[in-house]
Structure formats: structure tokens, C-alpha cells
Amino acid sequence: MIKARDVVKTYPNGVQALKGVDLDVAQGEVVVIIGPSGSGKSTMLRTLNLLEGVTSGEIEIDGNSLTHPKTNINKLREDVGMVFQSFNLFPHKTVLGNITLAPLKVKGIKQSEAVKIAENLLVKVGLADKRDSYPSQLSGGQQQRVAIARALAMHPKVMLFDEPTSALDPEMIGEVLDVIKTLAREGMTMVVVTHEMGFAREVSDRVIFMDEGLKIEENTPEEIYNNP
Ligand code: ADP
Ligand code: ADP
């Protein structure tokens with residue numbers, strides 16, 4: 001589903017955030033990326049979501065090249081849902097409005113259909129009763145679950161999570177990880193940057209260690225668990 005080859009990303013200021021990274025994620029696989037701050041994890045996710053162009057290298061999502069010059073970036077972006085550390089919800093829109101916005105604007109589907117999709121997603125993330133609330137009325141964990149529902153509303157082929165629980169109080173981390181676990185069970189292809197090693201062990205198929213812009217190790221959770 002995801003195939004990245006020799007991805008190099010040099011920012012305009014000269015920082016080489018990625019120095020030649022390969023990544024393969026099969027359909028339905030969950031890959032966790034860990035590594036110290038500044039190692040390039042966030043940059044890797046952002047190149048997969050086309051938020052950053054690559055300096056060189058190739059990326060394919062579901063057989064479509066992201067890096068070919070003729071690529072229709074907007075179309076491909078719809079295939080990749082992303083959830084950030086900060087929830088980035090629109091403060092002046094209700095929970096429902098946050099989730100329906102992109103399907104309405106980008107996909108052009110009917111209001112009634114968008115509402116139905118959003119309501120189903122709110123059930124999935126356990127927030128059916130918050131439909132008409134505003135983000136400021138929700139806890140951080142609830143806001144992050146809305147952000148996940150919003151990304152899912154585009155019906156993506158792949159979901160990317162960039163430290164989805166790092167900004168949350170400890171008691172809210174579990175509720176967000178539970179939603180991601182449910183998606184894993186349903187077969188969603190996912191790449192998750194996280195420090196939550198318990199989650200990595202329990203849910204991921206592979207754990208990738210990055211350091212200084214390189215993938216330095218790739219293990220199954222069992223291998224890590226048996227060689228602490
Ligand atoms: P991580 O997610 O592992 O913390 P990042 O991908 O955020 O790592 O950053 C990798 C390196 O690239 C760091 O040195 C960081 O300062 C630099 N970097 C990240 N984003 C930018 C940017 N937009 N412009 C310039 N340098 C950046
Ligand atoms: P994260 O933890 O997600 O990697 P950071 O705090 O590293 O976030 O970066 C936050 C934002 O600042 C990102 O959009 C990143 O691209 C940008 N950024 C990070 N490092 C630099 C840098 N050295 N120069 C310019 N922008 C940067």
C-alpha cells in the first residue's frame with residue numbers, strides 16, 4: 001500500500017531531515033516509527049501525506065506515484081488521512097461541522113449523506129452525544145477522537161498519526177489509542193509515530209527506529225520484546 005524508496009528531504013535551510021529512507025507497508029499493516037526528536041519521523045509522515053515534497057526518491061501509495069511530476073496531488077491527498085499531535089479542529093464549527101467539512105467541500109457529496117457518514121464515525125469514536133458541541137467544550141482526548149473521525153470521513157486508504165497522544169493528559173491516552181486499535185483490527189493501513197511502547201508491542205506489525213534522518217532498525221514487536 002505504501003512504498004517509499006530512497007527518500008531524501010533537504011529543507012530550504014539546508015537541514016537534511018531524511019537521508020535516504022525506504023518504507024514498505026502492506027495493506028492492513030500497522031507500522032510504528034520511533035526515534036529521538038529531530039530524527040525525521042514527522043518529515044517522513046509529511047512526505048507520505050504530500051505536505052512536503054521530497055528532494056529525491058520515490059513514493060507510491062496504492063500503486064500511484066506521489067513523486068512523479070504529473071501526479072494529481074489533490075486527488076492523492078484524499079487517499080491519506082493524517083492526525084497530528086495538536087488536534088487542529090476548527091474552533092467555530094461544531095463536532096459535526098468539523099467532520100463533514102472536507103467531504104462536502106472536497107468530495108462534493110450531499111449534505112444529508114455527509115451528516116450520515118459523520119454520525120456513523122462519531123459512534124465509532126464513542127462521541128455520538130458530542131455531535132453539536134464545539135471543540136472548546138471537549139477534553140483533549142475527545143478532540144483528538146474528533147480529529148480521527150474527521151480524517152476517516154474522507155474514506156482514506158491509509159492513516160498517518162504523528163504523535164497522536166503526546167499532547168494529552170495520561171488518562172486520555174488510552175481512549176485515543178483504543179480508537180486506533182479498533183482501526184487496526186478493521187484492517188486499516190497505518191503508520192504511527194509514537195512513544196507508546198505498550199501500544200507498539202500490542203498493535204504494530206513492525207517497529208521502525210529512525211535516527212538522524214535514517215531508518216536504523218526494523219523489527220517485529222516480538223523481536224523487541226524478547227531483546228529489551
Ligand atoms: P522528528 O519528527 O523526528 O522530531 P522532524 O522530521 O520534525 O523530526 O525534523 C527532522 C529535522 O528537520 C530536524 O532537524 C528539524 O529541525 C528539521 N525540520 C523539520 N521541519 C523543518 C522545516 N519546515 N524547515 C526546516 N527544518 C525542518
Ligand atoms: P514535531 O514534533 O511534529 O516534529 P516540531 O516542533 O519539530 O514538530 O515542528 C513544528 C513545526 O515547525 C513543523 O511544521 C516543522 O516543519 C517546523 N520546523 C521544525 N523545525 C524547523 C526548523 N529548523 N526550521 C523551520 N521550521 C521548522
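Basis of the calculations
- Residues numbered from 1 in each chain as written.
- Chains lettered and ligands numbered in written order.
- Predicted model: local features only at pLDDT ≥ 70, side-chain atom pairs only at ≥ 80, totals over all residues.
- Heavy atoms only, no water.
- Patch = residues over 30% accessible without salt bridge, like charges linked within 9 Å, V, L, I, M, F, W, Y side chains within 5 Å.
- Areas by Shrake-Rupley, 256 points an atom, 1.4 Å probe, with all protein chains shown as cover.
- Salt bridge = Lys/Arg side-chain N within 4 Å of Asp/Glu carboxyl O.
- Lys, Arg positive; Asp, Glu negative; His and termini not counted.
- Charge placed at Lys NZ, Arg CZ, Asp CG, Glu CD.
- Helix = DSSP H or I, 4+ residues; strand = E, 2+ residues; numbered from the N terminus.
- Buried < 20%, exposed > 50% of the residue type's maximum accessible area, 1.4 Å probe, protein only.
- Near = heavy atom within 4 Å.
- Polar contact = N/O pair within 3.5 Å; in protein donor to acceptor, adjacent residues only side chain to side chain.
- Pairing = 2+ DSSP bridges.
- Contact = heavy atoms within 4.5 Å.
- Axes fitted to C-alpha atoms, helices over the stretch in contact; angles between N-to-C directions.

## What to know about a negative patch on the surface
Here's step 1: Residues Asp6, Asp22, Glu58 and Glu60 make up a contiguous surface patch of negative charge.
Here's step 2: Along the chain, Glu58 falls in strand β4 (residues 56-61).
Here's step 3: Owing to a relative accessible area of 54%, Glu58 belongs among the exposed residues under this scheme.

## Comments concerning helix α1 (residues 41-48)
Here's step 1: Most of α1 sits out of view: six of its eight residues are buried.
Here's step 2: Lys41, Thr43, Met44, Leu45, Thr47 and Leu48 are the residues of α1 that are buried.
Here's step 3: Of the residues one or two after α1, Leu50 is the one with positive phi, at around 65°.

## Concerning the site of ligand 2
Here's step 1: The immediate surroundings of ligand 2 are formed by Asn13, Ser42, Arg46, Gln85 and Asp162.
Here's step 2: In the environment of ligand 2, an oxygen atom lies 3.3 Å from a nitrogen or oxygen atom belonging to the side chain of Ser42.
Here's step 3: At 2.9 Å, a side-chain N or O of Arg46 approaches an oxygen atom of ligand 2.
Here's step 4: Coverage of ligand 2 by the protein amounts to 26% of the 550 Å² it exposes when considered alone.

## Comments concerning the sheet that holds β4
Here's step 1: One open sheet accounts for four strands, arranged β2-β1-β4-β5; its pairing is antiparallel. With one partner strand each, in any of the chains shown, β2 (16-25) and β5 (64-65) form the two edges of the open sheet.
Here's step 2: One ladder, built from two bridges, connects β4 with β5; its direction is antiparallel. The residue of β5 that forms the bridge with Ile61 is Asn64.
Here's step 3: Contacts from α1 reach β1 (2-10), β2 and β4 within the one sheet, and its direction differs from that of β2 by about 60°.

## Structural notes on the environment of Met190
Here's step 1: Position of Met190 among the secondary structure elements: in strand β8 (residues 189-193).
Here's step 2: Among the residues examined, Met190 registers a relative accessible area of 0% and is labelled buried.
Here's step 3: Met190 sits twelve residues away from Asp178 along the chain, and the two C-alpha atoms are 14 Å apart.
Here's step 4: In this structure, Met190 is in contact with Val25, Glu29, Val30, Val31, Met159, Phe161, Ile180, Leu183 and Ala184, ignoring residues within four places of it in sequence.

## Focus on the site of ligand 1
Here's step 1: Around ligand 1 there are 13 residues in total, and Gly38, Gly40, Lys41, Ser42 and Thr43 lie nearest to it.
Here's step 2: Here Gly40 contributes a backbone N or O atom positioned 3.0 Å from an oxygen atom of ligand 1.
Here's step 3: At a separation of 2.7 Å, an oxygen atom of ligand 1 approaches a polar backbone atom of Ser42.
Here's step 4: Here ligand 1 has 560 Å² of accessible area as a free molecule, and 65% of this is covered by the chains.
Here's step 5: Looking at which element gives the most residues to the shell around ligand 1, the answer is α1, with four residues.

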